[in-house]
Amino acid sequence: MNVRTQTKARNQAKPAAGDEPAVRLVDALDIDVEAEDKQRGGVQSLARAFGIMEEIARSRDGISLAELSKRVGLHNSTTFHLVRTMVSLGYIRQIKDGKRYRIGRPLFALAASALDEIEMVSLATPVLEDLSRETGESGHFAVRMGDTVVVIARTAGPGAFQLTDRVGVVRPAHCTALGKVMLAALRPDQLDRFLARAELTPTTPKSITDVGALKQDLDEVRRSGMAFDDGEFNPEVRCVAVPVKDFTGQVMGAIGISGPIWRLSIQALQSRAQIVQAAARRLSSEFGHVE
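Residues numbered from 1 in each chain as written. Predicted model: local features only at pLDDT ≥ 70, side-chain atom pairs only at ≥ 80, totals over all residues. Heavy atoms only, no water.

Some points on the environment of Leu-195
If you trace the backbone, Leu-195 turns up in helix α8 (residues 188-197). Between the C-alpha atom of Leu-195 and that of Lys-215, which follows or precedes it by 20 residues, the distance is 9.5 Å. (Helix = DSSP H or I, 4+ residues; strand = E, 2+ residues; numbered from the N terminus.)

Written out as structure tokens, the structure reads:
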């Protein structure tokens, strides 16, 4: 091969000076498009995963894969792969029958971390302020603490002779309206264990100290959706309370009003019950509950 032939071969093998940057630009564009597609797919998968978890959280008794797919509008296979991933991570758990799914414990831990006492107080206080203004009575929001209840937020009404209970006060569950709401929300086995270990100590002559009578009272709480305290903890005070629910539909606390017995008859409490229930729905929605 002579010098001219070698030069020609080299020129044919080497891309033209203007061609090389063009090839690199196309490659870069392909990479950008691919990255954008992956990002879009990742966002879509996240949106689908959260949609699935929200639907499962609304189903207290669990939900089947077929029903879940129908509710979120996805193909069964797509739903299955997303659910399987979340099951492996613990955010969704499979019920023993193998056909239904429920929210896993890690989500409860995350929710508990996000919704700490300070956050609950900040959400409850405006609701209680409106409740006290509408009813003229003291408003209370309490959560369960072991076998007792603790008031974590309270407000005073505009009227005279308001109760002066401080925030953080602990009350027995069996003889307070707030406590009865939370006892009524327990599963039968949980309630039986509570009754086996708790002492139904009377604090007034009206306190319920008989297990059978308390169970009957709690049946009525479940039926009516509200609990009353007719001088059972303090002989001079009457109360009404209703449940507050979280994003899973579980009872997480109770909200109520209380006042002196000479101003609040049982009939007066009943007439204000709808206002308290509206406040409970509002506060429940703040905690993520969907009716």
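Still more to cover.
Re the sheet that holds strand β8 (residues 237-245)
Reading across from one edge, β6-β5-β4-β9-β8-β7 is the order of the six strands in this open sheet, with antiparallel pairing throughout. Each edge of the open sheet carries a strand with a single partner, namely β6 (170-172) and β7 (227-230). With strand direction ignored, the average angle separating the axes of adjacent strands in the sheet is 30 degrees. As paired strands, β8 and strand β9 (residues 251-260) are joined by nine bridges and run antiparallel to one another. (Pairing = 2+ DSSP bridges. Axes fitted to C-alpha atoms, helices over the stretch in contact; angles between N-to-C directions.)

Side note on the pairing of β9
Along a regular strand, successive side chains alternate from one face of the sheet to the other. The element β9 is extensively covered by neighbouring structure, given that nine of its 10 residues are classed as buried. Relative to β9, strand β4 (residues 138-145) runs antiparallel, the two sharing five bridges. Considered in β9, the bridge of His-140 is made with Gly-256. Linking β8 to β9, which pair antiparallel, is a turn of five residues; within it Gly-249 sits at a positive phi near 90 degrees. (Buried < 20%, exposed > 50% of the residue type's maximum accessible area, 1.4 Å probe, protein only.)

Concerning α8
Restricting attention to buried positions, one finds in α8 the residues Leu-191, Phe-194 and Leu-195. Projected onto a plane normal to the axis of α8, the buried residues spread over an arc of 95 degrees and lie on a single side. Buried residues along α8 sit against α7 (177-184) and α9 (211-224). (Arc of directions from axis to C-beta. Contact = heavy atoms within 4.5 Å.)

Observations concerning the environment of Arg-93
Structurally, Arg-93 is set in strand β2 (residues 92-94). As a C-alpha pair, Arg-93 and Arg-105 span 12 residues in sequence and 8.3 Å in three-dimensional space. Within the local environment of Arg-93, its side chain forms a polar contact with the backbone oxygen of Ile-103, the two atoms lying 3.4 Å apart. (Polar contact = N/O pair within 3.5 Å; in protein donor to acceptor, adjacent residues only side chain to side chain.)

So, the packing of helix α6 (residues 117-135) against helix α10 (residues 266-286)
Packing of α6 against α10 leaves a shortest axis separation of 10 Å and a crossing angle of 165 degrees. In terms of orientation, α6 lies roughly antiparallel with respect to α10. With respect to the hand of their crossing, α6 and α10 are arranged in right-handed fashion. Across the interface between the two elements, Leu-123, Ala-124, Pro-126, Val-127, Asp-130, Leu-131, Glu-134 and Thr-135 from α6 touch Arg-272, Ile-275, Val-276, Ala-279, Arg-282, Leu-283 and Glu-286 from α10. Here the residues of the contact of α6 with α10 sort into nine nonpolar, one polar and five charged. (Parallel < 35°, antiparallel > 145°, perpendicular 65-115°, else oblique. Left-handed = near helix turned anticlockwise from the far one by under 90°. Nonpolar A, V, L, I, M, F, W, Y, C, P; charged D, E, K, R; others polar.)

Some details on the sheet that holds β2
Strand order in the open sheet formed by three strands is β1-β3-β2, and the pairing between neighbours is antiparallel. Pairing within the sheet leaves two strands with one partner each, and these edge strands are β1 (63-64) and β2. Direction of pairing for β2 relative to strand β3 (residues 100-103): antiparallel, over a ladder of three bridges. If you follow Arg-93 over to β3, its bridge partner there is Arg-102.

Digging into the side chain of Thr-176
Position of Thr-176 relative to the elements: it lies in the loop between β6 and α7. Relative accessible area serves as the criterion here: at 8%, Thr-176 is assigned to the buried category. One polar contact links the side chain of Thr-176 to the main-chain carbonyl oxygen of Pro-172, over a distance of 2.8 Å. Excluding its chain neighbours within four sequence positions, the residues that come into contact with Thr-176 are Val-149, Arg-171, Asp-229 and Phe-233.

Notes on the packing of aromatic side chains
For the structure on display, the rule yields one aromatic pair. The ring of Trp-262 is capped by Arg-263, whose NZ or CZ atom sits 5.5 Å from the centre of that ring. (Phe/Tyr/Trp six-rings, centres within 6.5 Å; stacked < 30°, edge-to-face > 60°. Lys NZ or Arg CZ within 6 Å of the ring centre and 35° of its normal.)

Overview of the nonpolar core
Ranked by internal contacts, the top residues of the largest apolar core, which has 27 residues, are Phe-141, Val-244, Ile-255, Leu-283 and Phe-287. For this core, the secondary structure elements donating two or more residues are α6, β4, β5 (148-155), β8, β9 and α10. With seven residues, α10 is the largest single contributor of residues to this core. In contact with Val-244, not counting residues within four places along its chain, are Phe-141, Gln-250, Val-251, Met-252, Gly-253, Ala-254, Ile-255, Ala-280, Leu-283, Ser-284 and Phe-287. Of all hydrophobic cores here, the second largest spans 26 residues; its members include Leu-186, Phe-194, Ala-198 and Ile-208. (Core = buried A, V, L, I, M, F, W, Y, C linked by side-chain atoms within 4.5 Å.)

Overview of the side chain of Asp-229
Here Asp-229 is to be found in strand β7. An unpaired buried charge is present at Asp-229: no salt bridge exists, and Lys-180, the closest side chain of opposite charge, is 6.0 Å distant. Apart from the residues within four sequence positions on either side, Asp-229 is in contact with Cys-175, Thr-176, Ala-177, Val-237, Arg-238 and Cys-239. (Lys, Arg positive; Asp, Glu negative; His and termini not counted. Salt bridge = Lys/Arg side-chain N within 4 Å of Asp/Glu carboxyl O.)

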